[in-house]
Structures are given as structure tokens and as C-alpha cells.
Amino acid sequence: MKTDVIAIRVDEQISDLVNKIIEYKLAKNKTDAIRWIMKYGMQTTKKTIEKKEQSRLIIEKWKKNGFPKLPVNLSEISIKERE
């Protein structure tokens, strides 16, 4: 595949988004992160990053406080919800 190099300047919002895409390992570098944004669009990218950030907060909470207590009859509850 033949490619062309295009230098662009982006605003702070896009720059932050690019850095978060790399931080959450959705892309390896800035070029791939820009491709990600171009492929999926700003709104989808923002939603994906928000989900990753929410997951990170939950994991940090679990690391600090331990896993939440689950009900003893969790299997039965799951089966009833599927019926």
C-alpha cells in the first residue's frame, strides 16, 4: 500500500484523545491513533475512551478495597434472569 505523509496540527482536545488512545493500547503510536480516529470518528472514539476510563476506575477501586461480595446464590439469580 502506497502512503503519503501529511503533517498536521491538532488542537489540545484531539492531542489528548490521541494520547489516551495510545495509553489504553488501542494504537501503538500517534499515526495509528490518528488512523483510529479517522476510521471510527470522534464520537465513537470518545465513547470508547470513556468506557476504558470507567473500567480503570472500577479496577483501581477493586485493587484498593478488594472484590465486591457476591451473593451466595449468584448462579440461581443468573439462571432466573435468563429465563
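Definitions and limits used
- Residues numbered from 1 in each chain as written.
- Predicted model: local features only at pLDDT ≥ 70, side-chain atom pairs only at ≥ 80, totals over all residues.
- Heavy atoms only, no water.
- Axes fitted to C-alpha atoms, helices over the stretch in contact; angles between N-to-C directions.
- Helix = DSSP H or I, 4+ residues; strand = E, 2+ residues; numbered from the N terminus.
- Parallel < 35°, antiparallel > 145°, perpendicular 65-115°, else oblique.
- Contact = heavy atoms within 4.5 Å.
- Nonpolar A, V, L, I, M, F, W, Y, C, P; charged D, E, K, R; others polar.
- Expected span 1.5 Å × (residues − 1).
- Bend = angle between axes of the 7 residues up to and from the residue.
- Buried < 20%, exposed > 50% of the residue type's maximum accessible area, 1.4 Å probe, protein only.
- Polar contact = N/O pair within 3.5 Å; in protein donor to acceptor, adjacent residues only side chain to side chain.
- Phe/Tyr/Trp six-rings, centres within 6.5 Å; stacked < 30°, edge-to-face > 60°.

## Brief notes about the packing of helix 1 (residues 12-23) against helix 2 (residues 30-65)
Part 1 of the argument: Close contact between helix 1 and helix 2 brings their axes to 8 Å; oriented N to C, the two are set at 75°. Classified by the angle their axes make, helix 1 and helix 2 are roughly perpendicular. Across from Q13, I14, L17, V18, N19, K20, I21, I22 and E23 in helix 1, the residues of helix 2 making contact are K30, A33, I34, W36, I37, M42, T45, K46, I49, E53 and R56.
Part 2 of the argument: Of the residues assigned to the contact of helix 1 with helix 2, the class counts are eleven nonpolar, three polar and six charged.

## Overview of helix 2
Part 1 of the argument: Look at helix 2: only 35 Å from first C-alpha to last across 36 residues, short of the 52 Å you get at 1.5 Å a residue.
Part 2 of the argument: If you look at helix 2, its biggest bend is around 110°, right at G41.
Part 3 of the argument: Residues A33, W36, I37, T45 and I49 constitute the buried set of helix 2.
Part 4 of the argument: Buried residues in helix 2 make contact with helix 1.
Part 5 of the argument: Its side-chain oxygen 3.2 Å from the backbone nitrogen of T31, N29 forms the N-cap of helix 2.
Part 6 of the argument: Just beyond helix 2, the residue with positive phi is G66, at close to 85°.

## Some thoughts on the packing of aromatic side chains
Part 1 of the argument: Tallying each qualifying case throughout the model produces two aromatic pairs.
Part 2 of the argument: A ring pair is formed by W36 and Y40, whose centres lie 4.5 Å apart and whose planes are at 50°; its orientation type is tilted. Here W36 and its partner Y40 are both found in helix 2, four residues apart, which amounts to about one turn of the helix.
Part 3 of the argument: For Y40, a relative accessible area of 37% translates into the label partly exposed.

Just geometry here; none of it tells us what the structure is for.
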